[in-house]
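One-letter residues, chain by chain:
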Amino acid sequence: METKVAVLGASGRMGTLLERILDSTEGLVLHAGLTSSSSLEEMLGADVLVDVSRIEASEAAVPFALEHGLDVVVGTSGWDEQRIERVSGLVPADRALVFVPNFSLGSVLGTALASVAGRFFDSIEILEAHHDKKVDSPSGTAVRTAERIAQAREHPLSAPNSEQEARGQLVAGVPIHSMRLRGVVADQQVFFGGAGEVLTIRHETISQEAYVQGIRLAIAHATSSNGTTVGLDGVLGLSDLLGRA
């Protein structure tokens, strides 16, 4: 049985990659490629919407897709905890909504490891770099990492001099510093400072091939589950594993 996929953000970097994946993956077929000039009705008839657009378009498209019976995979940055909580109430009982800030398996493992390390250090900062065409900052992956670290801790973090602009954007008590550079795909470093030591957890994406397996897994999860899943770690079952760590 074929799964018909609509892609929102089809003309962008990730949208182009998605269409290539759909063309080369048995059981998946492109139903519609939507751009900024497309009507949302073009996705109707698809089984699942994969959204890799911008937050403004995503906030309109995700509720529309759920209302019209599509499962949804969201790879668009900007979906923080508050936005996710609001839209999760719109998910029908027999549909799935999957948020994936980063489709790279290495990246999600880096975030998972950071959430474990975050329990043991009180001085934590994130430095993330992406290509110069990325319009949002901080990245969704960095936001997700900071939130996961905060969730894993018993006590909230307090970064020194966080009111100063040069200290980065504060997310869940963690300063995030963003760089946008030509030649970079994606690079995230999480620094943990302790007495006499610094631990660094780093993940670097060399090419978009890093996203292929995660995209396939996210689509399969959306079409075989119900409710809201946040993060590729939820797709992989890492949350339960880390809960025992």
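Structure's up top.
What counts as what
- Residues numbered from 1 in each chain as written.
- Predicted model: local features only at pLDDT ≥ 70, side-chain atom pairs only at ≥ 80, totals over all residues.
- Heavy atoms only, no water.
- Pairing = 2+ DSSP bridges.
- Helix = DSSP H or I, 4+ residues; strand = E, 2+ residues; numbered from the N terminus.
- Contact = heavy atoms within 4.5 Å.
- Buried < 20%, exposed > 50% of the residue type's maximum accessible area, 1.4 Å probe, protein only.
- Lys, Arg positive; Asp, Glu negative; His and termini not counted.
- Salt bridge = Lys/Arg side-chain N within 4 Å of Asp/Glu carboxyl O.
- Axes fitted to C-alpha atoms, helices over the stretch in contact; angles between N-to-C directions.
- Core = buried A, V, L, I, M, F, W, Y, C linked by side-chain atoms within 4.5 Å.
- Parallel < 35°, antiparallel > 145°, perpendicular 65-115°, else oblique.
- Left-handed = near helix turned anticlockwise from the far one by under 90°.
- Nonpolar A, V, L, I, M, F, W, Y, C, P; charged D, E, K, R; others polar.
- Polar contact = N/O pair within 3.5 Å; in protein donor to acceptor, adjacent residues only side chain to side chain.

Now for the pairing of strand E10 (residues 197–205). Two faces, one strand: in a regular strand the side chains alternate between the faces of the sheet. Examined bridge by bridge, strand E9 (residues 186–194) and E10 share nine bridges and lie antiparallel to one another. Bridge assignment links Gly193 to a residue of E10, and that residue is Val198. With antiparallel pairing between neighbouring strands as the criterion, E9 and E10 make up a hairpin whose turn holds two residues, including Gly196 at a positive phi of roughly 75°.

We now examine the environment of Leu199. Along the chain, the position of Leu199 falls in strand E10. Through-space distance from the C-alpha of Leu199 to that of Ala114 is 9.9 Å; in sequence the pair is 85 residues apart. Those residues in contact with Leu199 that lie beyond four places of it in its chain are Ala117, Phe121, Val190, Phe191 and Phe192.

Here we come to the side chain of Glu147. Along the polypeptide, Glu147 turns up in helix H5 (residues 140–152). With no salt bridge to any partner, buried Glu147 finds its closest opposite charge in Arg144, at an N-O distance of 5.1 Å. Ignoring sequence-local partners within four residues, the contact set of Glu147 consists of Asp80, Glu81, Val171 and Ala172.

Turning our attention to the sheet that holds E9. On the basis of which strands lie adjacent, the open sheet formed by five strands has the order E7-E8-E6-E9-E10 and mixed pairing. Pairing within the sheet leaves two strands with one partner each, and these edge strands are strand E7 (169–171) and E10. The mean inter-strand angle of the sheet, taken between neighbouring strand axes irrespective of direction, is 25°. Both E7 and strand E8 (residues 174–180) contribute to a ladder of three bridges, which runs antiparallel. Its bridge partner lying in E8, Gln169 is registered against Ile176. Against the sheet, helix H4 (residues 105–117) makes contact with E9 and E10, and its axis sits at roughly 160° relative to E10, the strand it touches most. Packed onto the sheet, H5 meets strand E6 (123–130), E7, E8 and E9 and runs at close to 30° relative to E9.

Turning to unusual backbone geometry, a few remarks are in order. Working note: non-glycine residues mostly have negative phi, and peptide bonds are mostly trans. Of note, the bond from Ser137 into Pro138 is cis; its omega dihedral lies within 30 degrees of zero at 0°. Topologically, Pro138 is positioned in the loop between E6 and H5.

In this section: the nonpolar core. One finds Val73, Phe103, Tyr211 and Ile215 to be the most contacted residues of the largest nonpolar core, which totals 29 residues. Counting residues per element, the ones that place at least two in this core are strand E1 (3–8), helix H1 (13–24), strand E3 (48–51), H4, helix H6 (212–222) and helix H7 (232–236). Ignoring sequence-local partners within four residues, the contact set of Phe103 consists of Met14, Val52, Val73, Gly75, Ala210, Tyr211, Gly214, Ile215, Ala218 and Leu232. By size, the runner-up hydrophobic cluster in this structure holds 22 residues, among which are Val62, Ala65, Val74 and Trp79.

Take the packing of H4 against H5 next. In a packed pair of helices, the relevant descriptors are the angle between the two axes and the axis-to-axis distance. At a minimum axis separation of 8 Å, H4 and H5 run at an interaxial angle of 30°. Judged by the inter-axis angle, H4 sits roughly parallel to H5. Regarding H4 and H5, the two cross each other, and that crossing is right-handed. For the pair formed by H4 and H5, the contact residues are Ser107, Thr111, Ala114 and Ser115 on the first element and Thr141, Arg144, Thr145, Arg148, Ile149 and Ala152 on the second.

At a closest axis distance of 11 Å, the pairing of H1 and H6 adopts a crossing angle of 70°. When the interaxial angle is binned, H1 and H6 end up roughly perpendicular. For the pair H1 and H6, the contacting residues are Met14, Leu17, Leu18, Ile21, Leu22 and Ser24 in the first and Val212, Ile215, Arg216 and Ile219 in the second. For the contact of H1 with H6, the class distribution of residues is eight nonpolar, one polar and one charged.

The next subject is the environment of Ser178. Relative to the helices and strands, Ser178 resides in strand E8. Overall, the relative accessible area of 34% leaves Ser178 in the partly exposed class. Residue contacts for Ser178: discarding those within four places in its chain leaves Glu128, Ser137 and Pro138. At a separation of 2.6 Å, a polar atom in the side chain of Ser178 contacts the side chain of Glu128.

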